[in-house]
Amino acid sequence: MKKNLKTMLYALLLLTLAGAAEVAASRYAPASALCHATARNVPGALEMYNMDNDPIQINGVRPVDRELLTPLVKGKYLLNIDYLFELEKKFACRHYLVQADAKAPMMIICRQHGAPEYKERNLSPQEQFNLYCRENGMNPGDYQLDLSSEVHSDMFGSPLMVHVANLWPVFMVLPVVFFVTVVRRRSGTGSLAGAYLFGTCVMAFLLILSLINIYYFSEPVPGFRRFTYGSYPSGANSLSVVTLIGLGIWWLISLLNTIVSVVRKSEFMLPLVFTVLMPLAFFLVESRILMFFDTAVAMSFPLLGALLLYLMATRS
C-alpha cells in the first residue's frame, strides 16, 4: 500500500509540473510574436485594396502610418488599425512596407522585431532589410529607415519557464534526495550496485527535465543547429548538451551492467530497461517516423525517466 501511494505521489507531481508549465505557456506570447501576427495583416490587406482600387504606391519603402492605413479601414480591408499603434506604445514597434517593384514580394518590417519572413534567421532588422535589398536589386543606402542593428532577444515561453530552464541544475538535488530517502533503504545493495542506482537516478531526472526542451523545441534533445536561430534560455542549451552526453555514457554503462548481471544471474531488469528503451526512444524522436505526433513521441523521454524511478521505488 505504501509503495502504491508513493508511486501515485511521484506521478501526480510530474503531471502537476507539466500542467502548470503548459497553462503558463498558453497565457504568454512574446513581443515579437504579437508584432509579427499583427503586422502581417497589412500587406495582404493592401494587395486586396490595390486589386479593387487605384493602387497605393510603395516606391521602395513606405512607413506604415494612419495616412496609409485609413483607406484600407474605410474599404473594410482592415477592421481596425488602433491595435497596430498600440504595439508602438507598448513595445516601441515601428513598421515599414518594403517592395522593390510590382513583381517583387512585399514585406513589412518592424524596427525592433524585424520581418516575419526572416524570423528564423539570426539577423538584425537592419541586416534583414539589407538582405531583402540585395535579393531584389535595391540599394539600402537610398533609404533612411529607423531599424535596429541588434538581433532582437525575446525569450519564447512563459517567464516561469525561462527561470526553470536557466536554473535546471538546482533541480538535480532531487535525484540525491530520491536516492537517499527511497533507493538506499533497500538492504543488500553493494557499493557498485549503489553507484549504478545513483547514476540511474540522475539520468532519470535528466530525462524528466527534458520537458524543458520539449516545451521550447518539441524535442527532448534538440540538434545543436536548433540553437543557431531564435532566442532561448541559455539553460536549454546546457541541458541539451549534458543530457546528450550523459545518455551516451550511461547507455554504455547500462549495457555492460546488463551483460555482467546476465553472466552472474543477478537482477538485471533496471539496466536492461534503460539499455533497450533508451535507443528506441531516441530512434523514434530522431527518425521522425511519427512526425505528426512529434511532441507525443518526445514525451517518451520523460516517461522513460518516470519508469526508471518507478522501478527503483518498487525495489526499495
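Read on for a plain summary of the structure. Throughout this document, residue positions are counted from 1 along each chain, in the order its sequence is written. Local features in a predicted model are, by the rule used here, given only for residues with pLDDT of at least 70; side-chain atom pairs are given and counted only at 80 or more, and totals for whole chains, interfaces and linings are based on all residues. Side-chain numbers come from the whole structure's heavy atoms, not from hydrogens or water.

Let's shift gears to empty space enclosed by the protein. Grid points spaced at 1 Å over the protein atoms alone were grouped into cavities, where a 1.4 Å probe fits but cannot get out, and pockets, open sets with protein on both sides within 12 Å along at least five of seven lines, with lining residues defined by an atom within 4 Å of a point. Grid points are joined across faces, edges and corners, and a volume is the space filled by probe spheres set on the points. Tallied over the full model, the rule gives two cavities of 30 Å³ or more. If you trace the second largest cavity, you find it lined by V64, L84, F85, E88, C93, R94 and H95. Secondary structure follows DSSP: runs of H or I at least 4 residues long count as helices, runs of E at least 2 residues long count as strands, and numbering of each begins at the N terminus. If you tally residues by element for the lining of the second largest cavity, the top one is helix α5 (residues 82–91), at three residues. Of the residues in the lining of the second largest cavity, the class split is four nonpolar, one polar and two charged. Residues were grouped as follows: Ala, Val, Leu, Ile, Met, Phe, Trp, Tyr, Cys and Pro as nonpolar; Asp, Glu, Lys and Arg as charged; and all remaining residues, including Gly, as polar.

Our next topic: the packing of helix α12 (residues 269–287) against helix α14 (residues 300–314). Axis definition: a line fitted to C-alpha atoms, over the contacting stretch in the case of helices. Angles run 0 to 180 degrees between N-to-C directions. Running from amino to carboxyl end, α12 crosses α14 at an angle of 170°, the nearest separation of the two axes being 10 Å. Taken together, α12 and α14 sit at an angle that is classed as roughly antiparallel. On α14, the residues that touch L270, V273, F274, L277, M278, A281, F282 and V285 of α12 are S300, F301, L304, L307, L308, L311 and M312. Among the residues forming the contact of α12 with α14, the class breakdown is 14 nonpolar, one polar and no charged. Each angle receives one of four descriptions, namely roughly parallel if under 35 degrees, roughly antiparallel if over 145, roughly perpendicular if within 65 to 115, and oblique otherwise. Residue contacts are counted whenever heavy atoms from the two residues lie within 4.5 Å of one another.

Another point: unusual backbone geometry. Phi angles above zero are rare outside glycine, and K76 is one such case at about 60°. Only protein chains enter the accessibility calculation, which uses a 1.4 Å probe. A residue is then buried if its area is under 20% of the maximum for its type, exposed if over 50%, and partly exposed in between. The exposure class assigned to K76 is exposed, which follows from its relative accessible area of 71%. Even without a glycine there, the phi angle at A92 is positive, about 60°. By the element assignment, A92 lies in the loop between α5 and β2 (95–99).

A few words on the environment of V98. Positionally, V98 belongs in strand β2. C-alpha separation for the pair V98 and I109, spaced eleven residues apart in sequence, amounts to 7.6 Å. Beyond its immediate stretch of four places on either side in the chain, V98 contacts I58, G60, V61, P105, M106, M107, I109, F129, Y132 and M138.

All right, on to helix α4 (residues 66–74) then. Of the residues making up α4, those classed as buried are L68, L69 and L72. The buried residues of α4 occupy an angular sector of 80° when projected down its axis, which confines them to one face. Exposed and oriented more than 90 degrees from the buried face of α4 are E67 and K74. In the core, the buried residues of α4 are packed alongside α3 (41–52), β1 (60–63), α5 and β2. At the exit of α4 stands K76, carrying a positive phi of roughly 60°. Of all possible arcs, the one meant is that of the directions from the helix axis to the C-beta atoms.

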